[in-house]
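Commentary on secondary and tertiary structure
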Amino acid sequence: ISAMEKQVLESPEERTFQYQDSLPSLPVPPLDESLSKYLDAVKPFLNQEEYQRTEDIVKKFENGIGKELHQKLLERAKTRRNWLEDWWLNVAYLDLRISTQIHCNMGGPGPYIEHYWPQKEGTQIERACVNIWHTLKFWDLLRVEKVAIERSRNAILDMNQFRGLFCTCKIPGVTRDSLENFFKTEAEGECPSHLTVLCRGRVFVFDGVHEGNIVTPPEIFRQLTYIQKRCHSEPDGPGLAALTSSERTKWAELREYLIHLDPKNLTLLKKIQSSLFVICLDDASPHATPEDYTEVMRLGLIGDPTVRWGDKSYNGIFFSNGLCAAFCDHSPFDAMALITMLSYIEEKIIENEGKWKGSDKVRDLPWPEELVFTVDQKVISEIEQAKEWYHQKVSDLQLVNYVFTSFGKALIRTKKLHPDTFVQLALQLAYYKCHGRPGCCYETAMTRRFYHGRTETVRPCTVEAVEWCKSMLDPSDEKQGMLLLVMIWFYLPGFDRHLLGLLLIAQEQGLPVPELYLDNAFTVSGGGGNFILSTSLTGYTRFSGSALPMVQHGYGFFYAIRDDRIVATCSSWKSCPETDAEVLCRTVFQCFQDMLQLTVAAQL
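The name that an unreviewed UniProt entry assigns to the protein is Peroxisomal carnitine O-octanoyltransferase, with the source organism given as Ceyx cyanopectus. Per UniProt, the protein carries the Pathway (unreviewed entry) text "Lipid metabolism; fatty acid beta-oxidation." Recorded in UniProt under Subcellular location (unreviewed entry), the annotation for the protein is "Peroxisome".

What follows is the structure, given as structure tokens:
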């Protein structure tokens, strides 16, 4: 029995969402504590004079307007179990007007080539069916609340994000998007069970449940083959899905236009929005090896926009050579919820040797239904423009997904070092080597111990880390002890969400923006979404994923740490002359080796 099901069976009395109401509320940290951490965080980026000035601004803020805003934030926290939740959803996701499909969505390759599903033409539908079947089984487990509750050092974690994996879609708005979720547990009532399929610019739906039972792989095979045969023998559809990759206000206006053109279009859109998830049948055949997933990572994140519904919380992408990828809107959940589901699917695929071992019987299901939108010349030309704009934008992205195979978590642990700290330090050193200065860095930490908690920022670029980087680049310096020092001092725990809360209170009250946020130190240290290094550990499984850089002159650096290897995805924009994702990634790998040598020399 798989680990997840074993947990389920061992504790049949525990239901996935049963502790939601007893989780502690998200606390507001003490003001002096957050401001003291903030001062530590800006230090590496300022000279003595600038630091003095910032220190004065912070003192003034702490004793003046900051104190007032903090009181108001405490008042807000009294009436809400999570004072940040609505604000974060809006500020981080729904208020954005840029193309969120490009700049915000996350995705990554399936690692199945490493065991039962090597690259092979003609396997697309067959493998898709097995993958979809296990995804439907996970949905079923979630509906009956049999997905194991996650814990961190015995603390129960909030499971709310899992509800966003299915039947969830972002709806574009002219000034702010909204998020629709139709998922319900069995106890809560009926839940939509149909699936959306995108293929060659066309849209189909079919039900994932027939007469009370989930459709089996042979039944899914019948549905997908029907769709594929039709799409391959008839002209391509209009590719309406490409509109989801546009800038948000533009897509919102076009959506209104579509609905105005024919009210039936709204019914069809609602069908997609409420569907369980989207199946993308992609004609591309990306090359991948266990040491280099670059091509499949690239196409997973920025592939054909006519076969991705960018606003859906989960798109399962199936390429024509049997490779798979996941592609998700980021607003309903963070990567760990997705990785839990994907790990369950992978476990089941391995358990069944990549095959379906059940009955080949196919029930008499209704055929898939095509969603035929009413479009006019304006819509068709807008779709063409959207595709053109999208391809131009994504052609500027440089992205590599490489695997460092010399060692991984196992060896790092024998040196008594924390694997995540090890990678973050190597990244700091690599950035310093490439750019000659420290790089302000955002690493995701989770706050799921609290009700509806999501993430907080930790800032790995500390004074100690920068000192250590300098010592590593100075041949005369004593480095050994320094490595240990940094490992102890590493990380500035979160204060960013607190500062955001204070700023939003000021905005809600119609007050001027406090000087702290206008100070150059705030921006150069990464505040206000200006982090040059946007990073996250995607965990210790075979799944790696990525999002794109936060700023034009920055990098995205996402990594998974396995026992024997480290998988890294690094991205940057080609139009920025000073960044180079390939060079940074290779330099990080070199730094891994240098740091290991250092621990050998220090006899750690």
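Alright, that's what it looks like, and here's the rest.
Turning our eyes to something else, we now look at the packing of helix 7 (residues 124-143) against helix 12 (residues 335-351). Viewed as axis vectors pointing N to C, helix 7 and helix 12 meet at an angle of 125°, and their least axial separation amounts to 9 Å. Accordingly, the angle class assigned to the pair helix 7 and helix 12 is oblique. The crossing of helix 7 and helix 12 is right-handed. Side by side, helix 7 and helix 12 meet where Val130, Asn131, His134, Thr135, Lys137, Phe138 and Leu141 of the first sit next to Met341, Tyr344, Ile345, Lys348 and Ile349 of the second. Residue composition of the contact of helix 7 with helix 12, by class: seven nonpolar, three polar and two charged.

A few words on empty space enclosed by the protein. Applying the stated criterion across every chain, the model contains four cavities of 30 Å³ or more. Estimates place the volume of the largest cavity at around 40 Å³. For the largest cavity, the full set of lining residues is Pro109, Pro111, Glu114, Tyr293, Arg542, Ser544, Arg562 and Val567. Grouping the amino acids of the lining of the largest cavity by side-chain chemistry returns four nonpolar, one polar and three charged. For the lining of the largest cavity, the two domains that each supply at least three residues are domain 1 (106-396) and domain 2 (405-602).

Another aspect to go through is the UniProt feature "active site" (unreviewed entry) in the protein. On the UniProt side, "active site" (unreviewed entry) is annotated at positions that read His330 here. Here His330 is to be found in the loop between strand 12 (324-328) and helix 12. Setting aside residues up to four positions removed in sequence, His330 forms contacts with Tyr93, Cys104, Asn105, Met106 and Arg454. Here the side chain of His330 touches Phe333 through a polar contact of 3.1 Å, landing on its backbone oxygen.

All right, on to helix 13 (residues 377-394) then. Counted at 1.5 Å a residue, the expected span for helix 13 with its 18 residues is 26 Å, and the 26 Å between its end C-alpha atoms agrees. For helix 13, every residue scored as buried is listed here: Val379, Glu382, Ile383, Ala386, Tyr390 and Val394. The buried residues of helix 13 occupy an angular sector of 105° when projected down its axis, which confines them to one face. Set apart from the buried face of helix 13 by more than 90 degrees, the exposed residues are Gln377, Glu388 and Gln392. Among the structural elements, helix 6 (100-103), helix 9 (248-261), helix 11 (294-302) and strand 14 (397-404) are those in contact with the buried residues of helix 13. The distance from a side-chain oxygen at the start of helix 13 to the backbone nitrogen of Lys378 is 3.2 Å, and the residue carrying that oxygen is Asp376.

With that settled, the discussion passes to the domain arrangement of the protein. Domains assigned within the protein are domain 1 (106-396) and domain 2 (405-602). Placing the centre of domain 1 and that of domain 2 at their C-alpha centroids yields a distance of 31 Å. Summed over both sides, the interface of domain 1 with domain 2 buries roughly 2,500 Å², with 52% coming from carbon and sulfur. When the area that domain 1 buries against domain 2 is broken down by residue, the three leading residues are Asp158, Ile339 and Asp396, summing to 23%. The interface formed by domain 1 and domain 2 contains five salt bridges. For the interface between domain 1 and domain 2, the tally reads 13 residue pairs in polar contact (both at pLDDT 80 or more). Among the secondary structure elements, those contributing two or more residues to the side of domain 1 that touches domain 2 are strand 1 (106-109), strand 3 (155-156), helix 11 and helix 12. Here the side of domain 1 that touches domain 2 gets six residues from one element, more than from any other, and that element is helix 12. Class assignment for the residues of the side of domain 1 that touches domain 2 results in 18 nonpolar, 11 polar and eight charged.

Taken N-terminus to C-terminus, the directions of helix 3 (residues 48-63) and helix 4 (residues 65-78) make an angle of 50°; their axes are 3 Å apart at the nearest point. What the angle tells us is that helix 3 and helix 4 run oblique. For the pair helix 3 and helix 4, contact is made by Lys60, Phe61 and Glu62 and by Ile65, Gly66, Lys67 and Leu69, respectively. Of the residues belonging to the contact of helix 3 with helix 4, the class tally is three nonpolar, one polar and three charged.

Taken in spatial order, the six strands of this open sheet run 14-19-18-17-15-16, and their pairing is mixed. Only two strands of the sheet have a single partner each, and these edge strands are strand 14 and strand 16 (455-458). Averaged over all pairs of adjacent strands, the angle between strand axes in this sheet comes to 20°, irrespective of strand direction. Examined bridge by bridge, strand 14 and strand 19 (residues 566-573) share eight bridges and lie antiparallel to one another. Residue Leu397 lies in a different strand from strand 19, and its bridge partner there is Trp573.

Definitions and cut-offs
Residues numbered from 1 in each chain as written. Predicted model: local features only at pLDDT ≥ 70, side-chain atom pairs only at ≥ 80, totals over all residues. Heavy atoms only, no water. UniProt positions renumbered as here; feature names shortened; annotations may be inferred. Axes fitted to C-alpha atoms, helices over the stretch in contact; angles between N-to-C directions. Helix = DSSP H or I, 4+ residues; strand = E, 2+ residues; numbered from the N terminus. Parallel < 35°, antiparallel > 145°, perpendicular 65-115°, else oblique. Left-handed = near helix turned anticlockwise from the far one by under 90°. Contact = heavy atoms within 4.5 Å. Nonpolar A, V, L, I, M, F, W, Y, C, P; charged D, E, K, R; others polar. 1 Å grid on protein atoms, 1.4 Å probe; cavity = no way out; pocket = protein on both sides within 12 Å on 5 of 7 lines; lining within 4 Å. Points joined across faces, edges and corners; volume = space filled by probe spheres on them. Domains from an automatic or database assignment. Polar contact = N/O pair within 3.5 Å; in protein donor to acceptor, adjacent residues only side chain to side chain. Expected span 1.5 Å × (residues − 1). Buried < 20%, exposed > 50% of the residue type's maximum accessible area, 1.4 Å probe, protein only. Arc of directions from axis to C-beta. Buried area = accessible area lost by both parts, 1.4 Å probe. Salt bridge = Lys/Arg side-chain N within 4 Å of Asp/Glu carboxyl O. Pairing = 2+ DSSP bridges.

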